[in-house]
Amino acid sequence: MAEDLKGRVALITGASSGIGAATAKLLAGHGCAVAVNFSKSRPAAEAVAAACGAAGGRAFLVQGDVADDATCRRIVDETVAHFGHLDFLVNNAGTTKFVAHKDLDGLSADDFQRIYAVNTIGPFQMIRAAESYLRATGGAVVNVSSTAAVTAIGSSLAYVASKAALNGLALGLARVLGPEVRINNVCPGFVEGDWLKEGMGAAAYEATRAAWNALAPLGRTNRPEDIAESIAFFLTAAPNITGETLLIDAGMRLAAPRPAAGR
């Protein structure tokens, strides 16, 4: 991404770690001012903000859980009050419960409602809160979805459903936000990092990572920085793209058993 983003402002939810943190640092490195949203991890968010400053961008910390509508409106309003306007919104905050898909009793209605509240309703609330500001600047939105939405393989069935709903939501919003505002989804596959390692457990994480490296046509997994690059593309270098869903999976969806040696 070569564009100079001085004077532009991005709000990134769930930006204290992983994809959100990588996106904040990448945009800041091109001069963008970044609002770093976090829910609980203030020290981690402060470290991201410091890294953004060191990279050349201004950073602003704004705490809040996107599952709450009033909080979403406050997050947006505080960002605009601090920086003066808003150009980009990245809906990255997410949650899940790790439950084997065959364990139907492992998920309750409360589990579904919490996961939907953060993964699907939260992005809608953030977009609604930011709509007028984004229209004023001709801005852009990127939602961080998941390949789980299209493969139905993921941490739980509730997570799969929440991300599939997010993809559908973006299609509908693309029609009504245009022509001023573009909205697109990125759908990462396996992303290296503590969030997935802690949820899966170290052994399962390493086994899945090894299988991904062995089977994916590109022979690699995702790093948070890989996803950040695609988010930045949609924000800054895709003026005629909206309502798109991009799978970032090293070609894993194309994987097939490899022929035995000599065949």
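These figures come from a predicted structure and were not determined experimentally.

Colleague: Tell me about empty space enclosed by the protein, and please be specific about residues and values.
Modeller: Following the criterion strictly, the structure yields 1 cavity of 30 Å³ or more and no others. Around the largest cavity, the lining residues are Thr13, Val66, Asn91, Asn92, Ala93, Val118, Gly122, Pro123 and Met126. Broken down by element, the residue count for the lining of the largest cavity peaks at 4 residues, all from helix H4 (residues 109-137). Residues that form the lining of the largest cavity fall into these classes: 5 nonpolar, 4 polar and no charged.

Colleague: Which residues make up the sheet that holds strand S5 (residues 140-144), and what are the values?
Modeller: Two pairing modes exist for strands in a sheet, parallel and antiparallel, and in both the strands are linked by backbone hydrogen bonds. With parallel pairing, 7 strands are arranged side by side in an open sheet as S3-S2-S1-S4-S5-S6-S7. A strand with exactly one partner marks an edge of an open sheet, and here the two such strands are strand S3 (59-63) and strand S7 (245-248). Within this sheet the neighbouring strands show an average axis-to-axis angle of 20°, counted without direction. Relative to strand S6 (residues 182-188), S5 runs parallel, the two being bridged by 5 bridges. By the bridge assignment, alanine 140 is partnered in S6 with arginine 182. Contacts from helix H6 (residues 157-177) reach S5, S6 and S7 within the one sheet, and its direction differs from that of S6 by about 160°.

Colleague: Now, about the side chain of threonine 23: what can you tell me, with residues and values included?
Modeller: If you trace the backbone, threonine 23 turns up in helix H1 (residues 18-29). For threonine 23, a relative accessible area of 1% translates into the label buried. There is a polar contact of 2.8 Å between the side chain of threonine 23 and the backbone oxygen of isoleucine 19. Beyond its immediate chain neighbours, meaning those up to four positions away, threonine 23 contacts Ile12, Val90, Ala228 and Ile231.

Colleague: Let's hear about H4: which residues, and what values?
Modeller: Across its 29 residues, H4 extends 40 Å between first and last C-alpha, which sits within 8% of the 42 Å expected from 1.5 Å per residue. At glutamate 131, H4 shows its largest kink, close to 55°. Immediately downstream of H4, the backbone of glycine 138 shows phi near 65°, a positive value.

Colleague: Before we move on, could you go through the side chain of asparagine 119 and cite the residues and values that matter?
Modeller: Residue position: asparagine 119 is located in helix H4. Polar side-chain contacts of asparagine 119 include one of 2.8 Å to the backbone nitrogen of threonine 95. Among the polar contacts made by the side chain of asparagine 119, one reaches the side chain of serine 162 at a distance of 3.1 Å. The residues contacting asparagine 119, other than those within four sequence positions of it, are Ala93, Gly94, Thr95, Tyr159, Ser162, Lys163 and Leu166.

Colleague: Which residues make up the pattern of salt bridges, and what are the values?
Modeller: This model, assessed by the stated rule, comprises 14 salt bridges. We note a salt bridge from aspartate 65 to arginine 114, for which the minimum N-O separation is 3.2 Å. A residue pair is termed long-range when its members are at least 10 positions apart, and aspartate 65 in the loop between S3 and helix H3 (69-83) and arginine 114 in helix H4 qualify at 49 residues. On the accessibility criterion, aspartate 65 (28% relative accessible area) is partly exposed. In this structure arginine 114 comes out as partly exposed when scored by relative accessible area, which is 41%. Aspartate 111 is the partner of lysine 97 in a salt bridge, and the nearest nitrogen-oxygen pair spans 3.0 Å.

Cut-offs used in this document
Residues numbered from 1 in each chain as written. Predicted model: local features only at pLDDT ≥ 70, side-chain atom pairs only at ≥ 80, totals over all residues. Heavy atoms only, no water. 1 Å grid on protein atoms, 1.4 Å probe; cavity = no way out; pocket = protein on both sides within 12 Å on 5 of 7 lines; lining within 4 Å. Points joined across faces, edges and corners; volume = space filled by probe spheres on them. Helix = DSSP H or I, 4+ residues; strand = E, 2+ residues; numbered from the N terminus. Nonpolar A, V, L, I, M, F, W, Y, C, P; charged D, E, K, R; others polar. Pairing = 2+ DSSP bridges. Axes fitted to C-alpha atoms, helices over the stretch in contact; angles between N-to-C directions. Contact = heavy atoms within 4.5 Å. Buried < 20%, exposed > 50% of the residue type's maximum accessible area, 1.4 Å probe, protein only. Polar contact = N/O pair within 3.5 Å; in protein donor to acceptor, adjacent residues only side chain to side chain. Expected span 1.5 Å × (residues − 1). Bend = angle between axes of the 7 residues up to and from the residue. Salt bridge = Lys/Arg side-chain N within 4 Å of Asp/Glu carboxyl O.

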